[in-house]
Amino acid sequence: MRGKRPVKRSPSLEDTHASAEGKKVKISHPSHRSIDGLVLTLGQGDVGQLGLGEDIMERKRPALVALPEMIVQAEAGGMHTVCLSKTGNIYTFGCNDEGALGRETSEEGSEMTPGKVELQEVAVQVSAGDSHTAMLTEDGKVFVCGSFRDNNGVIGLLEPMRKSTVPVQIPLDVPVVKIASGNDHLVMLTIDGDLYTSGCGEQGQLGRVPECFTNRGGRKGLERLLVPQLIHLKAKGSKRMVFQDVFCGAYFTFAISKESHVYGFGLSNYHQLGTQGTASCFAPENLTSFKNSTKSWIGFSGGQHHTICLDSEGKAYSLGRAEYGRLGLGEGVEEKSKPTLISGLPSIASVACGASVSYAVSKDGRIYAWGMGTNYQLGNGEEEDLWSPREMSGKQLEKRVVLSVSSGGQHTVLLVKDKGQS
């Protein structure tokens, strides 16, 4: 989620852990955002995920969402949107069938506009999947609402077959510093550099469940999947592997070790993990395709079958499935098993993927889009696919710079600020 030097764990995290049993202290991670702005949405919004009310079902170009506070993070789930305010409040809108909004929406049309989630904690980060929302608080607690699903339907959230329509706390005894959501899985990075995962594991995206047990947990049942558990991974010399960052695609996960090695697990049927083969990875694999002595990888975002990644020099790369132009490498390109440089982009600050679309935000605040145009997510007013990056335009972008972008199944969310705003 979002030149930069290689990400290092902040020294303050160790201080936080040392005093965790004493007074309450604030959790921080380099990925947490502090610049506040306004929220724009575009694409299809038939279940309210645009947040523009009952009368607006689609927007071909970015439209301003009315929110009561300035926002520091805006995340698109599959069919809902989650916004985190500067003061730590959370606002949601969109599909609430499984409880992903974390609030009551019985009043007709109430899911179509932003509504506040009642959380008695100050949030510092949010993430969103197809039918779930996760929230990280300033003291390292994680709350979730909604439900996870597999290929056969609902599997539950923390308990088998039980969704939650309000935020419930995940029972972990160590502070979490970052959360990341795939379509139906959640990854939590702890203050000690460990990874805990929960949700659907059918494609290996949990990194801890053998293939023979991924169908609803095998003999142990769904608890094996839904109760967050540690990924056990040892480094050379029997030392425990320590991670510094984590990112999710729809059905896969990337994690960066303290030594800046890139690990991946989950679906790689189009080489979207950068693996040599196309078999799913059910345990973390050290991805040799990302080994390069001249650069460090600082950002990953994954769609359904492709990945966009960012290096410390501000260059964006793509790999995985090529159809509809989602790799941004030009027409006629076939799938890539290794990260391939996307040409024609300026220096990039962050990257993001929707199911079959891709985005890059430049360091000077412009946004570029490419991929499938069917849902108007590219922001150019057309339904044509784009095989190479094109700068997004629109009235709401004319005097603004883009801070971040997030994309769901059919809609995309931008966080912007006025030019000149500090």
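**Digging into the pairing of strand β18 (residues 252-257)**
Along any regular strand the residues' side chains alternate between the sheet's two faces. Summarising burial for β18: 6 of the 6 residues are buried, a large majority. Residues F252, F254 and I256 of β18 are buried on one face, and the alternating residues T253, A255 and S257, pointing to the opposite face, are buried as well. Examined bridge by bridge, strand β17 (residues 243-248) and β18 share 5 bridges and lie antiparallel to one another. Its bridge partner being in β18, F243 is matched across the sheet by S257. Where β18 lies against strand β19 (residues 262-266), 5 bridges are found, and the strand directions are antiparallel.

**Description of the confidence of the model for the protein chain**
Looking at the protein chain, the pLDDT average stands at 93 and 93% of residues meet or exceed 70. In the predicted structure, residues 1-23 sits below a pLDDT of 50 and forms 49 contacts with residues beyond four places in sequence or in another chain.

**Thoughts on the sheet that holds strand β22 (residues 306-311)**
In spatial order, the strands read β21-β22-β23-β24; together these 4 strands make up an open sheet with antiparallel pairing. The open sheet has two free edges, formed respectively by β21 (297-302) and β24 (336-341), since each of these has just one partner strand. Recorded for the sheet is a direction-independent mean angle of 20° between the axes of neighbouring strands. Inspection of the sheet shows β22 paired to strand β23 (residues 316-320) by 5 bridges, in the antiparallel sense. Considered in β23, the bridge of C309 is made with Y317.

**Quick word on the nonpolar core**
Counting 50 residues, the largest nonpolar core has V142, L186, F290 and F300 as its most contacted members. Among all residues touching L186, those that are not within four sequence positions of it are S127, A134, V142, V144, F148, I170, I179, A180, S181, Y196, T197 and S198. Formed by 29 residues, the second largest nonpolar core is a distinct cluster that contains L310, C353, Y359 and V416.

**A look at the packing of aromatic side chains**
Each aromatic ring pair is described using two quantities: the centre-to-centre distance and the angle formed by the ring planes. Enumeration over the complete set of coordinates arrives at 9 aromatic pairs. Ring plane angle 85° and centroid distance 6.0 Å describe the contact between F252 and F254, whose orientation is recorded as edge-to-face. Per residue, the accessibility class of F252 equals that of F254, and both read buried. Measuring from centroid to centroid gives 5.9 Å for F254 and F290, while their planes differ by 80°, and the two rings are edge-to-face. Within this pair, whereas F254 is found in strand β18, its partner F290 is found in the loop between β20 (281-286) and β21, the two being separated by 36 residues in sequence. Take F254 and F290: they sit in the same class, and that class is buried. Ring pairing ties together the aromatic residues F247, F252, F254, F290, W297, F300 and Y317, which thus form one cluster. A cation over a ring is seen here: K178 above F247, with NZ or CZ 4.0 Å from the ring centre.

Calculation notes
- Residues numbered from 1 in each chain as written.
- Predicted model: local features only at pLDDT ≥ 70, side-chain atom pairs only at ≥ 80, totals over all residues.
- Heavy atoms only, no water.
- Buried < 20%, exposed > 50% of the residue type's maximum accessible area, 1.4 Å probe, protein only.
- Helix = DSSP H or I, 4+ residues; strand = E, 2+ residues; numbered from the N terminus.
- Pairing = 2+ DSSP bridges.
- pLDDT = per-residue confidence, 0-100.
- Contact = heavy atoms within 4.5 Å.
- Axes fitted to C-alpha atoms, helices over the stretch in contact; angles between N-to-C directions.
- Core = buried A, V, L, I, M, F, W, Y, C linked by side-chain atoms within 4.5 Å.
- Phe/Tyr/Trp six-rings, centres within 6.5 Å; stacked < 30°, edge-to-face > 60°.
- Lys NZ or Arg CZ within 6 Å of the ring centre and 35° of its normal.

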